[in-house]
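# Analysis of the macromolecular model
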Amino acid sequence: MSQFAVEVHSLVRRFKTLVAVDRVDLKMRLGESLALLGPNGAGKTTLVETIEGLQEPDEGEIRLFGMAWRGNERVLRSKLGICLQETRLPEKATALEVLRLFASFYALPLARAGQVLDQIGLASKSQAQTQHLSGGQRQRLALGIAMLNRPQLLLLDEPTTGLDPSARQEVWALIEELKRAGCALLLTTHYMEEAEALCPGVALMNHGKLLARDSIPALLKKYGGGDVLEYSTDKPSATLAKGLPGLLDIKLNHDRRGARVRLRDASLALPLLVSRAKRKRLRLRETRVRPASLNDLFVGLTGGSLDQ
Amino acid sequence: MINKPWVQIFLMQAREHLREPAIIFWSLGFPIISVALLGQMGAGASKSMASIAVVATQSQQAKATLWAQQAPTGDGRFRFQVMAADEALRSLARGRSRLILDQAWDDLARVGRFDPADKEAELAWRRLDSVLRGGKLADGWIAETRAGGRYVDFLLPGLIAFGLVSSCLWGVGWTLVEYRQRKFLRRVMATPMPPLSLFGGLFAARVLLAGMEALTLATFGALAYGVRPSGSLAALLVTLLCGLYAFFGLAVLMASRTERSQVGQGLINAVTLPCFVLCGVYFSLDAYPSWLQSLCRLLPPTMLVDTVREIYNAGAGWAQIGVPCAALLAMGTVCLGLGVRFFRYY
């Protein structure tokens, strides 16, 4: 048996003139967790759905557990747990009926539906129709469907988008439980904190390409890390931060009255910034210094933000 | 057995149907109301009454009114209203008057004016002219209310057959398009379930639900109007099953690539709306030119409507259903085969 849960080689997926996935290579070991981070339209969903066998690649190769999709569909589908970005379940069916329906698709005994319902904390809602469940409960039910067959690879596409913080925590707890059972996890998200909470490894994606892949601390170290200095001024000044010591990148505000500056060490640059402002008769209105985050790194790499 | 995918899909469909009061009304209640209302047409038929616009100039008003009061009404078949020429024309156009009795209403040179397409108006004119000439209309006719010869006997089998067509197209075609649009189909197909289980479950559910609709309508027709099949009941069941299979196949084919429910709705309407006119559900095809009649009778929904009607009204049995049932089975197999072959699961 292959030591890899996922092997993707030079994968390309096009929609007419748009290249949604552009020569992506990706490997995940059995039991490994990886978060795919990127803004909307980065190609995360297309990549995951192609891995799930729901979209055909135009070029490249996908192997799951050492097997290609063609000829192994039923075996592979029985090993995967999937949570799509959007699925509207039958509104009039109860939570228990939905789980029984999907249990039958995996040829599982219907009693498994009751076990999963307990596991996802919806036992008290077993007779509630899905139309009467809250967003968080519906998402837990969707995860419950993904858990039914005790999957070896879980593919979750933005599982907490649109949920409030407490519902998000509940979903995270469920995912953690699945990970503890030895399940590999590929998660797409544009929440950095979700990636940090659930996956030691992250891959950054934009415009269909994988930009970088490593642990968050390693990525920050590799691509500069450092501090972020954010300031605003009373008048436009595009050159105020130019040439500051240890400067990594600058992103000016839209009105040019301030910027977000990433530096190796803000304590060295801040006094110089203040004296320059005084010399240029600019008033510094707001000045903030904080450690650089993954989002700052993403801005530095792409010019865009993760939560766009 | 209970954890077979097709059984669970069957149960889901049945529950979705039975838990929605609006679906219950439109699938069971509405056809009954239709039969109840339309069944009255002809049931209480008595002498028809025609309103006659009597044209008179200003100076003729008094004379015309006196004439109208004294004119024979053919035992209440005619009601006269005196009015000016332009008003009479408006009254005819709006359907308030059936015909216009023009100048010289009081002698043999009288002229009737009416829409030639209105056969009732022509009949009324002939009767009126006869009565005004002193003739008497025979009153020795009897409203035919015995089972087999009424409009409701014609209507009910057609509605049962058409209900089945409609149930398949909306209940299967629309459902599949909705499942696709809601990404539910995609989620289902991401499991190891064989795709044919999906169609098996939908077909089983349609047998139950369309069967319930047909049974409800047939029971109401039998109890309220005494409309009962004069032919073989077993042949009727087989014919309905063949029809169900044919239109289930058509529904799967129509839904095979459609991604938006609005497009699905348009496709279903494109099939069902012509059925009202071309399949003889509400009125006989005999009014059409013979070439159009031949064409209409080749349409699968017409075949189903005609066969069910023959079993109900003409005592048809196994010998008469062979050809139409074979045609319906062939249609179902071709449509289902193509639909499954080109079905967009994701």
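On a predicted model such as this, the values are computed, not experimentally measured, just so you know. What you see as residue numbers is a count from 1 along each chain, following the sequence as written. Here the convention is simple: chains get letters from A, ligands get numbers from 1, in the order in which they are written. In keeping with the model being predicted, local features are shown solely for residues with a pLDDT of at least 70 and side-chain atom pairs are shown and tallied solely at 80 or more, while totals for entire chains, interfaces and linings include all residues.

### Section: the interface of chain A and chain B
Facing 24 residues of chain A, the contacting portion of chain B comprises 21 residues. Sorting the residues of the side of chain A that touches chain B by element identifies helix 2 (73-79) and helix 3 (95-105) of chain A as the ones contributing at least two each. Ten residues, namely Ala, Val, Leu, Ile, Met, Phe, Trp, Tyr, Cys and Pro, are considered nonpolar, four, namely Asp, Glu, Lys and Arg, are considered charged, and the remaining ones, Gly among them, are considered polar. Residue composition of the side of chain A that touches chain B, grouped by class: 13 nonpolar, three polar and eight charged. Residues are scored as being in contact if the C-beta atoms we place from backbone atoms lie within 7 Å. Note on conventions: DSSP H or I runs of at least 4 residues are helices, E runs of at least 2 residues are strands, and numbering of each starts at the N terminus.

### Focus on the sheet that holds strand 12 (residues 247-252) of chain A
All names here are of chain A. Pairing within the open sheet is antiparallel, and its four strands lie in the order 12-13-11-14. Edge positions in the open sheet fall to strand 12 and strand 14 (284-291), since each of these has one partner strand only. Averaged over all neighbouring strand pairs, the angle between strand axes comes to 15°, with direction disregarded. Here, strands pair whenever DSSP counts at least two bridges between them. Relative to strand 13 (residues 258-263), strand 11 (residues 227-233) runs antiparallel, the two sharing six bridges. Following the sheet pairing, S232 is matched in strand 13 by G258. Across the sheet, helix 9 (residues 266-279) is in contact with strand 11, strand 13 and strand 14; its angle to strand 11 comes to roughly 15°. For helices, the fitted line uses only the C-alpha atoms of the stretch in contact; every axis is such a line through C-alpha atoms, and the angle between N-to-C directions lies from 0 to 180 degrees.

### Structural notes on the sheet that holds strand 1 (residues 50-55) of chain B
Residues and elements named next belong to chain B. Spatially, four strands are ordered 2-1-3-4 in an open sheet, and the strand pairing comes out mixed. Among the strands making up the open sheet, the edge pair consists of strand 2 (78-83) and strand 4 (112-113). The pairing of strand 3 (residues 99-101) with strand 4 spans two bridges and is classified as antiparallel. Its bridge partner being in strand 4, I100 is matched across the sheet by R113. Against the sheet, helix 4 (residues 85-93) makes contact with strand 1, strand 2 and strand 3, and its axis sits at roughly 160° relative to strand 1, the strand it touches most. Contacts from helix 5 (residues 119-132) reach strand 1, strand 2, strand 3 and strand 4 within the one sheet, and its direction differs from that of strand 3 by about 30°.

### Some thoughts on the packing of helix 9 (residues 233-255) of chain B against helix 12 (residues 300-313) of chain B
Residues and elements named next belong to chain B. At a minimum axis separation of 10 Å, helix 9 and helix 12 run at an interaxial angle of 170°. The angle between helix 9 and helix 12 falls in the class roughly antiparallel. Between helix 9, through A235, L236, T239, G243 and A246, and helix 12, the contact on the second element is made entirely by P300, L304, T307, V308 and I311. Tallied by class, the residues present in the contact of helix 9 with helix 12 amount to seven nonpolar, three polar and no charged. Roughly parallel refers to an angle under 35 degrees, roughly antiparallel to one over 145, roughly perpendicular to one between 65 and 115, and oblique to any angle outside these ranges.

### So, the environment of R63 of chain A
All names here are of chain A. Tracing the backbone shows R63 in strand 4 (residues 59-64). Think of it as a crowd count around each C-beta: if 20 or more other C-beta atoms lie within 10 Å the residue is buried, if 12 or fewer it is exposed, and in between it is partly exposed, with C-beta placed from the backbone throughout. Residue R63 is classed as partly exposed on the basis of its 18 C-beta neighbours within 10 Å. Sequence separation of R63 and A42 is 21 residues, and the distance between their C-alpha atoms is 22 Å. Residues within four places of R63 in sequence aside, it is in contact with E7 and A68.

### Details of unusual backbone geometry
Residue and element names in this part refer to chain A. Positive phi is not limited to glycine here, since A107 has a value of about 55°. Mapped onto the secondary structure, A107 falls in the loop between helix 3 and helix 4 (111-119). The backbone phi angle of H207 is positive, close to 50°, even though this residue is not glycine. By secondary structure assignment, the location of H207 is in the loop between strand 9 (201-206) and strand 10 (209-215).

### Quick look at helix 9 of chain A
Here a helix's expected span is defined as the number of its residues, less one, multiplied by 1.5 Å. With 14 residues, helix 9 of chain A should reach 20 Å at 1.5 Å per residue; the first-to-last C-alpha distance of 20 Å fits that figure. R281 of chain A sits one or two positions beyond helix 9 of chain A and adopts a positive phi of about 55°.

### Some thoughts on the packing of helix 6 (residues 151-181) of chain B against helix 8 (residues 195-225) of chain B
Residues and elements named next belong to chain B. One way to put it is that helix 6 packs onto helix 8 with a least axis distance of 10 Å and a crossing angle of 160°. Judged by the inter-axis angle, helix 6 sits roughly antiparallel to helix 8. Here helix 6 and helix 8 pass one another in a crossing that is right-handed. Side by side, helix 6 and helix 8 meet where V152, L156, L159, I160, G163, L164, S167, C168, G171 and V172 of the first sit next to L202, R206, L209, A210, E213, A214, L217, A218, G221 and Y225 of the second. Tallied by class, the residues present in the contact of helix 6 with helix 8 amount to 14 nonpolar, four polar and two charged. Handedness of a helix crossing follows the sense of rotation of the near helix relative to the far helix, less than a right angle counterclockwise being left-handed and clockwise being right-handed.

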